[in-house]
Amino acid sequence: MTYAIVLLLVGVALIIMEMFLPSAGILGALATGAIIGSLVLAFKEGEGIGLVFLGLTVIIVPILLVLGLKIFPKTPIGRRIILPPVNEPASVRGQAGVSMEDYKTLTGKNGRTVTPLRPSGIAEIKGERYSVVSEGELIEDDTEIVVVEIQGNSIVVEEL
């Protein structure tokens, strides 16, 4: 009976350690083995003792897991792994990360490529840098370009 109690306590301690130490699940596997071992030893002592240990396991393990999920984000490791919540105004919440800028005014404007367009890259148009797309051909950097059309939020250019 003493071994069953010790194994149960070791299993609980390993579950708690698993919450705070990165072990790739090794501590969790050891905790599972210790708890199962304690249940086997408890049932060998008697059916009543085994059921008491099983009841304790069914109650303690979920409580520890829930507490671990609540506490883990506040630990140093949890803060490094879990991203902080984003504070954004309700007006932009749920929108994709796509610019809502109207590029129609750029049609027909000249510019110069900053990077090679293969077929996409960066160009400077009217003193501003934009992500642009060529019509399939490679355009070297530092080449004069003209904006031929706007497709959604893509600026399509061609070489002058």
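Up top is the structure these notes are about.
Computed from a predicted structure; not experimentally measured.

Caption draft 1: Geometry of the overall build of the protein. In terms of helices and strands, the protein carries four helices and five strands. Order of helices (α) and strands (β) in the protein, N terminus to C terminus: α-α-α-α-β-β-β-β-β. Taken over C-alpha atoms, the radius of gyration comes to 31 Å for the protein, far larger than the 15 Å a tight globule of 160 residues would show. Overall, the C-alpha framework of the protein stretches about 90 × 35 × 25 Å when taken along its three principal axes. Put simply, the protein has 160 residues, and 28% of those count as buried. Put simply, 41% of the contacts in the protein that link residues at least 6 apart link residues at least 24 apart. With the model as given, the accessible surface of the protein reaches about 10600 Å², and the carbon-plus-sulfur share is 64%. Looking at the protein, you have 12 positive and 17 negative side-chain charges, and the mean spots of the two groups are 12 Å apart.

Caption draft 2: Geometry of unusual backbone geometry. Here the amide bond leading from arginine 118 into proline 119 is cis, since omega sits at -10°, within 30 degrees of zero. For proline 119, the location among the structural elements is in the loop between β1 (110-113) and β2 (120-125). One non-glycine residue, lysine 126, lies in the positive phi region at around 55°.

Caption draft 3: Fine view of the sheet that holds strand β3 (residues 128-134). What the five strands build is a closed barrel, ordered β1-β2-β3-β5-β4; its pairing is mixed. Along the sheet, successive strands turn relative to each other by an average axial angle of 55°, direction set aside. The sheet contact formed by β3 and strand β5 (residues 154-159) spans three bridges and is parallel. Looking across to β5, one finds that serine 134 is bridged to valine 157.

Caption draft 4: Quick peek at a negative patch on the surface. A cluster of acidic residues, Glu135, Glu137, Glu140, Asp141, Glu149 and Glu159, forms a negative patch at the surface. Of note, glutamate 137 is situated in the loop between β3 and β4 (144-151).

Caption draft 5: Seen up close, the pattern of salt bridges. Under the counting rule described, the total for this entry stands at two salt bridges. Measuring nitrogen to oxygen at the nearest pair gives 3.3 Å for the salt bridge that ties aspartate 142 to arginine 112. In this pair, aspartate 142 is assigned in the loop between β3 and β4 and arginine 112 in strand β1, connecting sequence segments 30 residues apart. Assessed through its relative accessible area of 53%, aspartate 142 is described here as exposed.

Caption draft 6: Seen up close, the nonpolar core. If you look at the biggest cluster of nonpolar residues, it comprises 14 residues, and the most contacted ones within it are Ile15, Ile35, Phe53 and Leu64. Among the secondary structure elements, those contributing two or more residues to this core are α1 (2-20), α2 (26-45) and α3 (47-71). Contact partners of isoleucine 35, with chain neighbours within four places excluded, come to Leu7, Leu8, Gly11, Ile15, Thr57 and Val61. Core analysis: the second largest hydrophobic core is formed by 13 residues, Ile125, Val132, Ile139 and Val157 among them.

Caption draft 7: Just the pairing of β5, in detail. Examined bridge by bridge, β4 and β5 share six bridges and lie antiparallel to one another. Counterpart to isoleucine 145 in the pairing with β5 is glutamate 159. The antiparallel hairpin formed by β4 and β5 contains two residues in its connecting segment, where glycine 152 sits at a positive phi of about 65°.

Caption draft 8: Quick peek at the packing of aromatic side chains. Evaluated as defined, the whole model comprises one aromatic pair. Taking 5.8 Å as the distance between ring centres and 90° as the angle between the ring planes, the aromatic pair formed by tyrosine 103 and tyrosine 130 counts as edge-to-face. Residue tyrosine 103 is located in the loop between α4 (76-81) and β1, and its partner tyrosine 130 is located in strand β3; the two are separated by 27 residues in the primary sequence. Take tyrosine 103 and tyrosine 130: they sit in the same class, and that class is buried.

Scoring rules and cut-offs
- Residues numbered from 1 in each chain as written.
- Predicted model: local features only at pLDDT ≥ 70, side-chain atom pairs only at ≥ 80, totals over all residues.
- Heavy atoms only, no water.
- Helix = DSSP H or I, 4+ residues; strand = E, 2+ residues; numbered from the N terminus.
- Rg over C-alpha atoms; globule rule 2.2 N^0.38 Å.
- Buried < 20%, exposed > 50% of the residue type's maximum accessible area, 1.4 Å probe, protein only.
- Contact = heavy atoms within 4.5 Å.
- Areas by Shrake-Rupley, 256 points an atom, 1.4 Å probe, with all protein chains shown as cover.
- Lys, Arg positive; Asp, Glu negative; His and termini not counted.
- Charge placed at Lys NZ, Arg CZ, Asp CG, Glu CD.
- Pairing = 2+ DSSP bridges.
- Axes fitted to C-alpha atoms, helices over the stretch in contact; angles between N-to-C directions.
- Patch = residues over 30% accessible without salt bridge, like charges linked within 9 Å, V, L, I, M, F, W, Y side chains within 5 Å.
- Salt bridge = Lys/Arg side-chain N within 4 Å of Asp/Glu carboxyl O.
- Core = buried A, V, L, I, M, F, W, Y, C linked by side-chain atoms within 4.5 Å.
- Phe/Tyr/Trp six-rings, centres within 6.5 Å; stacked < 30°, edge-to-face > 60°.

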